[in-house]
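These are the residues of each chain, in order.
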Amino acid sequence: MHATALPLSVTMAVLAASVTHATWNAIAHGIKDQVLAFGLIGAGGAAVAVPLVVLSPLPLGACWPYLLASVFIHVFYNLLLMRAYRYGDFGQVYPLARGTSPLVVTVLAAVFAAERPSSFQVLGVMVISSGLAVLVLAGRRSAAGSGLSRAALLAAGGTGLTIAAYTTVDGLGVRLSGSSVGYIGWLMLLQSLCVPAWALVRRRDTVRGLSARVWLSGVLAGALSVLAYGLVLWAQTRGALAPIAALRETSVIIGAVIGTLIFHEPFGRWRIAATVLVVLNVG
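Residues numbered from 1 in each chain as written. Predicted model: local features only at pLDDT ≥ 70, side-chain atom pairs only at ≥ 80, totals over all residues. Heavy atoms only, no water.

Considerations on the environment of Thr 20
Heads up, the rule is: The way it works is that DSSP assigns letters per residue, a run of H or I at least four long becomes a helix, a run of E at least two long becomes a strand, and they are numbered from the N terminus. Throughout, a contact is declared for two residues whenever any of their heavy atoms are within 4.5 Å.
Structurally, Thr 20 is set in helix H1 (residues 8-30). On a C-alpha basis, the gap between Thr 20 and Ala 223 in space is 9.9 Å, while along the polypeptide they are 203 residues apart. Among all residues touching Thr 20, those that are not within four sequence positions of it are Leu 224, Leu 227 and Ala 228.

So, the packing of aromatic side chains
Applied cut-off: Pairing of aromatic side chains here covers Phe, Tyr and the six-membered ring of Trp, requires ring centres within 6.5 Å, and sorts the geometry by plane angle: under 30 degrees stacked, over 60 edge-to-face, intermediate tilted. Only protein chains enter the calculation, and the probe is 1.4 Å; a residue is then buried if its accessible area is under 20% of its type maximum, exposed if over 50%, and partly exposed in between.
Evaluated as defined, the whole model comprises 5 aromatic pairs. Their ring planes at 80° and their centres at 5.3 Å tell us that Tyr 77 and Tyr 166 sit as a pair that is edge-to-face. Linking Tyr 77 in helix H3 (residues 64-87) with Tyr 166 in helix H7 (residues 150-176), this pair joins segments that are 89 residues apart in sequence. For the pair Tyr 77 and Tyr 166, one class covers both residues: buried.

With respect to empty space enclosed by the protein
We count it as follows: Think of a 1 Å grid over just the protein atoms. A cavity is a set of points where a 1.4 Å probe fits yet cannot get out, a pocket is an open set with protein on both sides within 12 Å along at least five of seven lines, and lining residues have an atom within 4 Å of a point. Grid points are joined across faces, edges and corners, and a volume is the space filled by probe spheres set on the points. Note on residue classes: Ala, Val, Leu, Ile, Met, Phe, Trp, Tyr, Cys and Pro are nonpolar, Asp, Glu, Lys and Arg are charged, and everything else, Gly too, is polar.
In this structure the tally under the stated criterion is 2 cavities of 30 Å³ or more. As a volume, the largest cavity reaches approximately 200 Å³. Together, 16 residues line the largest cavity, and Trp 24, Asn 78, Met 188, Gln 191 and Ser 225 are the ones closest to its centre. Those elements that place two or more of their residues in the lining of the largest cavity are H1, helix H2 (34-55), H3, helix H8 (180-192) and helix H11 (212-236). Among the residues forming the lining of the largest cavity, the class breakdown is 8 nonpolar, 7 polar and 1 charged.

Side note on helix H12 (residues 241-248)
Buried residues dominate H12, accounting for 8 of its 8 residues. Turning to H12, its buried residues number three or more, namely Leu 241, Ala 242, Pro 243, Ile 244, Ala 245, Ala 246, Leu 247 and Arg 248.

Observations regarding a nonpolar patch on the surface
Here is the rule we go by: Residues enter a patch when their relative accessible area is above 30% and they make no salt bridge; the linking distance is 9 Å between like charges and 5 Å between nonpolar side chains (Val, Leu, Ile, Met, Phe, Trp, Tyr). Reported accessibility uses the Shrake-Rupley method at a 1.4 Å probe radius. Residues are deemed covered only where the shown protein chains occlude them. For salt bridges, the criterion is a side-chain nitrogen of Lys or Arg within 4 Å of an Asp or Glu carboxyl oxygen.
Together, Phe 72, Phe 76, Leu 79 and Trp 198 give the surface a local cluster of nonpolar side chains, amounting to about 390 Å² of exposed area. Top element by residues in the nonpolar patch is H3. It accounts for 3 residues. Along the polypeptide, Leu 79 turns up in helix H3. Exposure remark for Leu 79: the relative accessible area of 31% places this residue in the partly exposed category.

Points about the environment of Val 195
With respect to the helices and strands, Val 195 occurs in helix H9 (residues 194-202). With sequence-adjacent residues up to four places away left out, Val 195 is seen in contact with Phe 38, Gly 39, Asn 78 and Met 82.

What about the packing of H1 against H2?
Where we set the bar: Every axis in this analysis is a line fitted to C-alpha atoms, fitted for helices over the stretch in contact. Angles between the N-to-C directions lie between 0 and 180 degrees. Any angle that falls under 35 degrees is termed roughly parallel, while one over 145 is termed roughly antiparallel, one within 65 to 115 roughly perpendicular, and all others oblique.
Relative orientation of the contacting elements H1 and H2 amounts to 140°, with a least axis distance of 8 Å. One finds that H1 runs oblique with respect to H2. Two secondary-structure elements touch here, H1 through Trp 24, Ala 28 and His 29 and H2 through Gln 34, Ala 37, Phe 38 and Ile 41. Class assignment of the residues belonging to the contact of H1 with H2 gives a composition of 5 nonpolar, 2 polar and no charged.

Quick word on the nonpolar core
Our working rule: Only buried residues count toward a nonpolar core, which is a set of Ala, Val, Leu, Ile, Met, Phe, Trp, Tyr and Cys residues joined through side-chain atoms within 4.5 Å.
Formed by 59 residues in total, the largest nonpolar core has its most connected members in Trp 24, Phe 38, Leu 187 and Tyr 229. At 9 residues, the largest contribution of residues to this core is made by H2. With 7 residues, the next largest nonpolar core counts Val 105, Ala 109, Leu 172 and Leu 241 among its residues.

Section: the confidence of the model for the protein chain
Keep this limit in mind: Confidence of the predictor at the level of single residues is captured by pLDDT, which takes values from 0 to 100.
Looking at the protein chain as a whole, its pLDDT mean stands at 81, while 83% of the residues score no less than 70. The lowest-confidence element of the protein chain is helix H14 (residues 268-282), averaging 57 in pLDDT; the highest-confidence one is H8, averaging 93.

As structure tokens, this is what we get:
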């Protein structure tokens with residue numbers, strides 16, 4: 001199947017997902033205890049997923065192997081992401097984790113979904129990925145001597161590979177589900193229960209002393225994570241996987257801005273150039 005240009009509605013949905021995704025990741029990074037942060041996010045995601053499961057039709061049987069595989073991949077994604085945020089700056093880790101996946105998704109979509117992107121779309125994916133790589137390297141150069149550690153590099157790179165894996169698996173699964181809302185509801189409910197249970201065991205004493213602000217921040221991030229990925233899954237039922245994956249990673253631009261404004265991480269001329277490169281390519 002040859003990929004065609006994305007419809008405007010799909011493009012707008014993915015861009016909205018990008019902003020929402022960067023926002024919930026920034027909230028997660030802002031909570032110092034990453035185990036607690038992702039536990040609260042999982043609890044918020046599960047709370048939002050319950051009404052989706054109750055009110056939506058049960059996904060068709062053909063999609064369940066994909067859905068369960070995605071749950072497994074998402075658990076590893078969360079574990080790797082919390083480790084990456086523990087070891088690295090938001091402005092470096094976030095674009096590295098997100099920028100790894102578009103090229104991998106392009107290959108996986110060609111192999112498993114028989115999607116053949118045009119030369120122009122392949123070039124677009126490569127340009128966006130290159131721009132994201134510059135964002136990482138520029139952040140590393142301008143981080144006042146604090147380069148990206150090996151542990152953060154490996155965790156962020158591994159996170160990117162899990163993103164590519166679940167993007168492809170869910171892209172195939174949601175098309176077989178008969179209900180994209182039901183699919184996202186069951187996916188988020190099942191995968192969201194794992195990390196909160198683990199966090200409760202690991203941080204049982206700490207949970208009791210959490211402030212209302214931390215509770216609300218974590219739960220809000222969880223709700224935003226469901227919205228962000230729900231928009232992407234809906235888009236994947238109406239467009240090719242590779243260009244959606246590349247467009248989705250424009251969230252790193254929002255992440256770079258948040259890193260500068262909220263976490264006081266330097267932006268710099270190279271990051272400006274990389275941002276312009278990505279924006280022009282999306283346009």
